[in-house]
Each structure stands twice: as C-alpha cells, then as structure tokens.
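Single-letter residue listing:
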Amino acid sequence: MKETYLGVHVSPLTYEGIITEIKNRMAAGQQSTIIAVNPEKVMTAQNNPEVKNLINGSTFQIPDGVGILLASKMKKGKIHSRVTGVDMMARLLKFAEDEQHPIYLYGAKKEVVEKAADNIKQQHPGIEIAGMTDGYEQDEEALINRINESGAEIIFVALGSPKQELWIRRNMDKLKNVLVFQGVGGSFDVFSG
Ligand code: UDP
C-alpha cells in the first residue's frame with residue numbers, strides 16, 4: 001500500500017522490494033516507472049496538477065529525502081529508510097548485470113554520460129550498455145528509433161525534473177521493449193566522478 005503526503009503517493013518499499021517487483025513485472029512484460037519524491041516535489045505538486053499526476057502515475061515513488069521519512073514517522077507510517085535515486089540506479093545496474101538486461105543511458109552532457117558509462121562498465125564488467133545519448137539531443141524521433149534498435153530493456157533518463165519524467169511519459173508507449181524507466185536527475189554526474 002502506498003502512503004500519501006499532501007495528496008502525493010510514496011511507495012513504502014525498500015530497494016530489494018522494488019527490485020523484486022520489477023523482476024516480476026518484467027517477466028510479465030509490464031513497464032515500470034520510478035520517480036524520486038522529496039519535499040520540494042511534494043510542495044510543487046500542491047499547485048501544479050501536472051507534476052502531481054506525473055508522480056502519482058508512476059509505478060514506484062521512491063522516498064528520496066529525509067523529509068518524507070520524518071513525515072512517515074509522524075503518521076506512524078511504514079517508510080523507515082531512504083531510497084535515493086542514485087542508490088536505486090546502482091541497484092538496478094547490479095540487477096541488469098546479473099539478469100542480463102541491456103541498459104541505455106540518456107541525459108547529461110556528452111562527456112559526463114560517456115565517463116559515467118566507462119565507470120559503470122568498470123564496476124559491472126558483465127553489463128551490456130546498449131547505447132547512450134547526451135541530454136541535449138534535439139531530434140526526439142531519431143532518439144526513440146535509436147533506443148528501440150539498441151535492444152535496451154532498462155533506461156536511465158537524466159534531464160532533471162520534471163523534464164525527464166515528462167520525456168518518459170511522452171515516449172514510453174513508443175518504447176515497447178523498454179520495461180524500466182528511471183528518472184535519475186544528476187546521477188550521471190555522480191557516476192562520472
Ligand atoms: N540536463 C540535460 N538536458 C537538459 C537539462 C539538463 O541533460 O536539457 C542534465 C544536466 O546536464 C544534469 C541533469 O540533467 O546532468 C540535471 O541534474 P539536476 O541535478 O539539475 O537534476 P535534479 O536531480 O535536480 O532534478
């Protein structure tokens with residue numbers, strides 16, 4: 001059961017719980033979207049119904065930020081630990097390597113995404129990086145074709161919020177073979193460091 005803060009859903013699952021659910025959903029051919037929730041997004045959602053819909057329409061709303069933990073504690077909720085965007089991505093990379101799901105990296109500056117890919121490959125020698133594109137690509141249709149042709153099953157989108165979530169929502173129907181979409185904000189900058 002989701003918990004709700006000022007009308008915004010938050011998933012009470014741990015990293016392991018999310019990976020397990022994703023594995024089951026992938027086996028059933030179902031697409032999943034992961035969005036990080038923090039107090040700033042909860043506040044933005046108050047006067048921006050589009051942002052609220054983006055969050056509540058996602059499959060997993062991860063509690064990225066201590067504010068959500070405090071709120072859950074006050075309500076005697078079940079969210080006891082943070083699930084950060086960058087650590088969720090790290091878990092998904094391990095999962096992708098273990099289960100042989102090709103990944104795609106989309107977003108950030110060219111040198112950042114390339115360096116992130118190098119570091120990911122070093123940390124996960126068995127991973128298949130099906131492709132990557134920097135976040136300043138203009139031709140969306142060409143990009144969608146490239147992702148489809150790459151065979152990627154998991155995509156990390158690093159365009160900042162809510163741009164990345166809007167991109168995911170706009171394009172997920174055209175990316176039928178991609179089953180996991182995570183909006184990761186500045187995480188490629190972290191992986192490239
Ligand atoms: N970015 C991008 N294309 C854009 C705007 C931003 O690729 O049109 C990238 C930017 O280079 C950076 C990331 O998106 O790597 C934004 O990270 P930020 O920390 O601002 O996002 P947040 O986590 O705050 O949503």
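An account of the accompanying structure is given in this report. (Residues numbered from 1 in each chain as written. Predicted model: local features only at pLDDT ≥ 70, side-chain atom pairs only at ≥ 80, totals over all residues.)

As a further point, take the pairing of strand 8 (residues 180-183). Both faces of strand 8 are covered, namely the face carrying Val180 and Gln182 and the face carrying Phe181 and Gly183. Where strand 3 (residues 32-37) lies against strand 8, three bridges are found, and the strand directions are parallel. Bridging from a neighbouring strand, Ile34 pairs with Gln182 of strand 8. As defined by bridge partners, strand 7 (residues 154-158) adjoins strand 8 across four bridges and the pair is classed as parallel. Paired with Phe156 across the two strands is Gln182, which belongs to strand 8. (Buried ≥ 20, exposed ≤ 12 C-beta atoms within 10 Å, placed from the backbone. Helix = DSSP H or I, 4+ residues; strand = E, 2+ residues; numbered from the N terminus. Pairing = 2+ DSSP bridges.)

Turning our eyes to something else, we now look at helix 2 (residues 39-47). Listed in full, the buried residues belonging to helix 2 are Lys41, Val42 and Ala45. What you see down the axis of helix 2 is that its buried residues fit within an arc of 105°, all on one side. The outward face of helix 2, more than 90 degrees from its buried face, is lined by the exposed residues Glu40, Gln46 and Asn47. In this structure, the buried residues of helix 2 make contact with strand 1 (3-5), strand 2 (8-10), strand 3 and helix 3 (49-56). (Arc of directions from axis to C-beta. Contact = placed C-beta atoms within 7 Å.)

Near the ligand you find 14 residues, and of these Ala108, Gly135, Gly160, Gly185 and Gly186 are the closest. A per-class count over the shell around the ligand returns six nonpolar, six polar and two charged. (Near = placed C-beta within 6 Å. Nonpolar A, V, L, I, M, F, W, Y, C, P; charged D, E, K, R; others polar.)

Ordered in space as 4-3-8-7-5-6, the six strands form an open sheet in which the pairing is parallel. For this open sheet the edge positions go to strand 4 (60-63) and strand 6 (129-133), each flanked by a neighbour on one side alone. Geometrically, the sheet is characterised by an average inter-axis angle of 15° between neighbouring strands, direction not taken into account. Contacting strand 5 (103-107) and strand 6, helix 6 (residues 110-123) runs over the sheet at an angle of about 160° to strand 6. (Axes fitted to C-alpha atoms, helices over the stretch in contact; angles between N-to-C directions.)

Shape descriptors only; they carry no functional weight alone.
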